[in-house]
Amino acid sequence: MPVHKVLVVGGGITGSVLSLALAQRGTDVDLVEISPQWFGVGHGITVQGNALKALRSVGVLERVLARAVPFDVMRLRRADGGLITELSTPHTGGPDLPSTAGALRSDLQNALCDAVYAHGVQVRLGLTVERLDQSSEQVDVTFTDGSTGRYDLVVGADGINSAMRGLIGITQRPRPVGMSIFRVVAERPAEMDCAEVYYGGPRFKAGYSPISASQCYAYLLDENLDASLIGPRAPLALMRERGAGYGGTWGKVIASLPDDTAVDYRWIEAVLVDEDWHRGRTMVIGDAAHACPPLIAQGAAMCMEDAVLLAELVTGDEPLEKALDHFMSRRLPRVRMVLANSLQLAAWEINPGTPGADPARIMSETLQSLTAAA
Ligand SMILES: Cc1cc2nc3c(=O)[nH]c(=O)nc-3n(C[C@H](O)[C@H](O)[C@H](O)COP(=O)(O)OP(=O)(O)OC[C@H]3O[C@@H](n4cnc5c(N)ncnc54)[C@H](O)[C@@H]3O)c2cc1C
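Residues numbered from 1 in each chain as written. Predicted model: local features only at pLDDT ≥ 70, side-chain atom pairs only at ≥ 80, totals over all residues. Heavy atoms only, no water.

S.K.: Tell me about the site of the ligand, and please be specific about residues and values.
M.R.: Residues in close proximity to the ligand total 29 residues, the closest being T14, E33, R105, T128 and D287. The contact in question runs from an oxygen atom of the ligand to an N or O atom on the backbone of I13, over 3.1 Å. Elements with a minimum of two residues in the shell around the ligand: α1 (13–24), β2 (28–33), β3 (44–48), β13 (175–187) and α8 (299–314). Among the elements that make up the shell around the ligand, the one with the highest residue count is α8 (4 residues). Residues that form the shell around the ligand fall into these classes: 14 nonpolar, 10 polar and 5 charged. There are two domains that each give the shell around the ligand at least three residues, and those are domain 1 (5–68 + 103–174 + 270–369) and domain 2 (177–268). (Near = heavy atom within 4 Å. Polar contact = N/O pair within 3.5 Å; in protein donor to acceptor, adjacent residues only side chain to side chain. Helix = DSSP H or I, 4+ residues; strand = E, 2+ residues; numbered from the N terminus. Nonpolar A, V, L, I, M, F, W, Y, C, P; charged D, E, K, R; others polar. Domains from an automatic or database assignment.)

S.K.: Describe the packing of α8 against helix α9 (residues 320–350), and please don't skip the residues or the numbers.
M.R.: The contact between α8 and α9 brings their axes to 9 Å, and the two run at 165°. As far as their axial angle goes, α9 and α8 are roughly antiparallel. Of the two possible hands of crossing, α8 and α9 adopt the one that is right-handed. Contact residues: M302, E305, D306, L309, L310, L313 and V314 in α8; L320, A323, L324, H326, F327, R330, R331, R334, V335 and V338 in α9. Its residues placed into classes, the contact of α8 with α9 shows 11 nonpolar, 1 polar and 5 charged. (Axes fitted to C-alpha atoms, helices over the stretch in contact; angles between N-to-C directions. Parallel < 35°, antiparallel > 145°, perpendicular 65-115°, else oblique. Left-handed = near helix turned anticlockwise from the far one by under 90°. Contact = heavy atoms within 4.5 Å.)

S.K.: Describe the side chain of S180, naming the residues involved and giving the relevant values.
M.R.: Along the chain, S180 falls in strand β13. In contact with S180, not counting residues within four places along its chain, are L220, L221, D222, E223, N224, L225, Y265, R266, W267 and I268.

Structure below.
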């Protein structure tokens, strides 16, 4: 086994799944998370089959599905709520898993956090890496509290604004895609049984997904509004104003929100490190290496696939350098395809009426191709 002791930097979905997968293979894992508290935010997430498969491989699927809402179709609607069509969504995790599950991010993260602790990972919160010194044999790490550690491999899983990327010499930075998103968690209406997307309204798109027996999340994709609005407490009145014109269940959900509802507003960004994600014994994975606009809802799935495959390869028989090259040859083409198709969908949303635009086709082709093993 080429690695025995690994440092994981960042305890989001990527870092948590990686820590778990490594610990389950007998690796000694330290995880540092910059936030002093470790929890997931309360938003919804669409967890597709290939992500469910990764969660199953690290043993948390049952717990996630105990609260999540599985479904195998997606409906496209007009802005007034009238049905355009219902699409079956491909089973990207295999026929024995739902094609999709809607979940509360905090439920997913809590399941991961509990499993990480239960597998003996040494978790340190409110801490990050200050300095890395690597040789061909190991990486010496100095943390921000002055403590030090020696590792066979250091993995940055610190998200789209990764500091680890720069620390190991990767220069790519995220860039705005040209669209923004309002998100809320709301009471789930009885009729909502799968994700639905509303096209042709005054903004790029509106939609929702059930995420638990009693909750759903709803969103509105808009142009980039004033950057000062970015944050977890954007005005609900603004979301209502921007979403005026969307009817059906979406309109009903938004109208029913209490006035103090937390509205998360952010600009959507993307990044791709379109080259090796490793530099010697240091590397980045997950959103730190590739973050796509959520038009196919595959971001976290790509992150989890990275984590599971990396753990498998660096605890296998190949020397580390070979294992990492092997990892890149399997991950980069797949991630590149998802990112390119997500950006294409975003471009079509932003420029409606583009000749040849066919979002349903690109969405279904992407998901179909992801049914092949990661
Ligand atoms: C609006 C939106 C909707 C989305 N919807 C979906 C969806 O429905 N389905 C889907 O599959 N994907 C979706 N995604 C993508 C998905 O959320 C991300 O791909 C995924 O959460 C990234 O996980 P991560 O662990 O790599 O990064 P993050 O979730 O960003 O986690 C990084 C972690 O590292 C910590 N950290 C940051 N800096 C440091 C540091 N210097 N040192 C130590 N720790 C650090 C952070 O506190 C955090 O805990 C969506 C993304 C967006 C923006």
